[in-house]
Structures are given as C-alpha cells and as structure tokens.
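Structure at a glance
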Amino acid sequence: DQQVKQNSPSLSVQEGRISILNCDYTNSMFDYFLWYKKYPAEGPTFLISISSIKDKNEDGRFTVFLNKSAKHLSLHIVPSQPGDSAVYFCAATMEYGNKLVFGAGTILRVKS
Amino acid sequence: DVKVTQSSRYLVKRTGEKVFLECVQDMDHENMFWYRQDPGLGLRLIYFSYDVKMKEKGDIPEGYSVSREKKERFSLILESASTNQTSMYLCAGSSGAAQPQHFGDGTRLSIL
C-alpha cells in the first residue's frame, strides 16, 4: 500500500508558466515533507521541505503548500524554466524518524 | 559541499553472483541509506544504518544485506543476484531525523 502517492506520472508546461505538482499521503503520522528533483543519470537533489506546523514554505521560484486536513501537498514552480525539466519526487517522514517514504515521481517537461 | 560517492555508475553481473555496491560519504553523517529506484515505484528503502555496525531493514530487504564497519562507508550486498534485482541503486546520507538526505549519483545494476 503506497503511503505517498503522486497520481500524475507526467506534466507538460510552457516556459514562463506555473508548474503545479501534487502529492497525497495516507499516514496521518507524517509531519515533515520534502520534494526532490532528479535528472537522468544523477541522484535526487533536495529541493524544499515543509513541516506540518506550516502550510506554506517558499524558496525563490519554488513554493510548497501543505493541506493537512486533505493530506495533500503541492509544489509550485513559478516561472517554469526548461532547466526544471526533471523527475520530481515527493517524500514524507515523521519528525523524529529517519526513514523517508517516497512517491512514484512526476516527470515535468518545460517546453520553450 | 556534501558528497556521497558510489563506486560504480554501471555494473553488469550474472545470476547467482555475490554483488557488492559501495558508498562513501564525506559529510560525517550518522545516517546512511540504500534505495532502489524502479519505474512507477519511486524510491524504495532497502536498508539503513544510523551508526557504525548498526542496521535496520527498510521496506524491501529480502535478498540484500548491508555492512557498515566505518562511519563513512555503507555497503550493499546482493547475496545471490537474481534478474529481478536489476535496478538503479541509490545511496544517501543524512545528519539526523527529519533532515534532507543527500544522494549519490546511483549505480545502474544489470543482472543477466
């Protein structure tokens, strides 16, 4: 049973527009969430995180929103750039836990 | 800058062989992890270690073992390789609970 779900396998966006990547989770014990970006032939790189005490965290062009009641988080990229084309993984953990649970990933393609 | 190094980028082995995947980190991190990445399944945790000589099973430990004799090195062992262990293997390290994990570039392992 997948505890972290990314229901969109892929997303295509025009350069300069907003990219919205979505993630749902089922385990109410999760209280810390992360987004990773992965290029082909490279390991995932940490992008941004959010604790359950917040509902928004922003870092430059990247903003993560958390809706605890819906067990849903989203990553917004504004404006999208061709270099953002990658696989994006959502991950979740408990604040005092060591293990991350990953979603299946969403392939983002930003067209120029 | 943090660095996690996996000894091989590509590896081809035969069914039944004992396979060693090596990972070294220079971050003095307590925690180290081994994942496999498969299409549509995201990253799945095989084993992790929170200290030298300590290990815990992840979600899919069957057919694998690990060794952590020194803090900076975490080895994944396929005791008797099988074709269903063909995958991308990713090593990661983190400084503690609910901290971002830093990944190596992965080893693409093919079992023939």
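Before going into details, it helps to say that this report is about the structure given with it. (Residues numbered from 1 in each chain as written. Chains lettered and ligands numbered in written order. Predicted model: local features only at pLDDT ≥ 70, side-chain atom pairs only at ≥ 80, totals over all residues. Heavy atoms only, no water.)

1. What about the interface of chain A and chain B?
The interface of chain A with chain B comprises 21 residues on the first partner and 23 residues on the second. Both sides together, the interface formed by chain A and chain B hides about 1700 Å², and carbon and sulfur atoms give 60% of it. On the chain A side of the interface with chain B, the three residues burying the most area are A:N98, A:K99 and A:F102, jointly 32% of the side's total. If you look at where chain A meets chain B, you find zero salt bridges. For the pair chain A and chain B, the number of links is three residue pairs in polar contact (both at pLDDT 80 or more). Mapped by element, the contributors of at least two residues to the side of chain A that touches chain B are β4 (32-38) and β9 (86-93) of chain A. Among the elements that take part in the side of chain A that touches chain B, β4(A) stands out by supplying four residues, more than any other. (Contact = heavy atoms within 4.5 Å. Buried area = accessible area lost by both parts, 1.4 Å probe. Salt bridge = Lys/Arg side-chain N within 4 Å of Asp/Glu carboxyl O. Polar contact = N/O pair within 3.5 Å; in protein donor to acceptor, adjacent residues only side chain to side chain. Helix = DSSP H or I, 4+ residues; strand = E, 2+ residues; numbered from the N terminus.)

2. Structural notes on the packing of aromatic side chains
Overall, the coordinates contain 12 aromatic pairs over all chains when judged by the stated rule. Plain terms: the ring middles of A:Y36 and A:F102 are 5.7 Å apart, the flat faces sit at 50 degrees to each other, and that makes the pair tilted. With A:Y36 in strand β4 and A:F102 in strand β10 (residues 101-102), the pair connects residues that are 66 residues apart, well separated along the chain. Classification of A:Y36 as buried rests on a relative accessible area of 0%. Residue A:F102 is classed as buried on the basis of its relative accessible area, which comes to 5%. An aromatic cluster is built from A:Y36, A:F46, A:F89, A:F102, B:F33, B:Y35, B:F48 and B:F103, whose rings are joined through pairwise contacts. (Phe/Tyr/Trp six-rings, centres within 6.5 Å; stacked < 30°, edge-to-face > 60°. Buried < 20%, exposed > 50% of the residue type's maximum accessible area, 1.4 Å probe, protein only.)

3. Description of the sheet that holds strand β6 (residues 56-59) of chain A
Residues and elements named next belong to chain A. Taken in spatial order, the five strands line up as β1-β3-β8-β7-β6 in an open sheet, and their pairing is antiparallel. Bordering the open sheet on either side are β1 (4-5) and β6, each of which pairs with just one other strand. In the sheet, β1 pairs with strand β3 (residues 19-25) via two bridges, with the strands oriented antiparallel. In the strand pairing of β3, K5 is matched with D24. (Pairing = 2+ DSSP bridges.)

4. Section: the pattern of salt bridges
Residues and elements named next belong to chain B. Following the criterion strictly, the structure yields eight salt bridges over all chains and no others. For the salt bridge of K71 with E30, the shortest nitrogen-to-oxygen distance reads 2.9 Å. Highlighted residues: K71 in the loop between β7 (64-70) and β8 (73-78) and E30 in the loop between β3 (19-25) and β4 (31-38), separated in sequence by 41 residues. Judged by relative accessible area, K71 falls into the partly exposed class, the value being 22%.

5. Brief notes about the sheet that holds β7(B)
Whenever strands of a sheet pair, they do so through backbone hydrogen bonds, lying parallel or antiparallel. Residues and elements named next belong to chain B. In spatial order, the strands read β1-β3-β8-β7; together these four strands make up an open sheet with antiparallel pairing. Where the open sheet ends on each side, the last strands, each with one partner, are β1 (4-6) and β7. Direction aside, the axes of adjacent strands within the sheet are offset by 20 degrees on average. For β1 and β3, the ladder comprises three bridges, and the chain directions are antiparallel. (Axes fitted to C-alpha atoms, helices over the stretch in contact; angles between N-to-C directions.)

6. Concerning the nonpolar core
Residue and element names in this part refer to chain A. Of all hydrophobic cores here, the largest spans 24 residues; its most connected members are V4, F33, W35, L73, L75 and Y88. Of all elements in the fold, only β3, β4, β5 (45-51), β7 (62-67), β8 (72-77), β9 and β11 (106-111) reach the threshold of two or more residues within this core. Each residue touching L73, except ones within four places of it in the same chain, is listed here: L21, N22, C23, Y25, F33, W35, V64, F65, L66 and C90. (Core = buried A, V, L, I, M, F, W, Y, C linked by side-chain atoms within 4.5 Å.)

7. Notes on unusual backbone geometry
Here A:V78 and A:P79 are connected by a cis peptide whose omega angle stands at -15 degrees. Among the structural elements, A:P79 can be located in the loop between β8 and β9. Here A:K71, not a glycine, exhibits a phi torsion of approximately 55 degrees, which is positive. Structurally, the position occupied by A:K71 is in the loop between β7 and β8. You can call A:K71 partly exposed: its relative accessible area is 26%. The backbone phi angle of B:K53 is positive, close to 65 degrees, even though this residue is not glycine. Here B:K53 falls in the exposed class, since its relative accessible area comes to 58%.

From the geometry alone we can't say anything about function, so treat these as descriptive.
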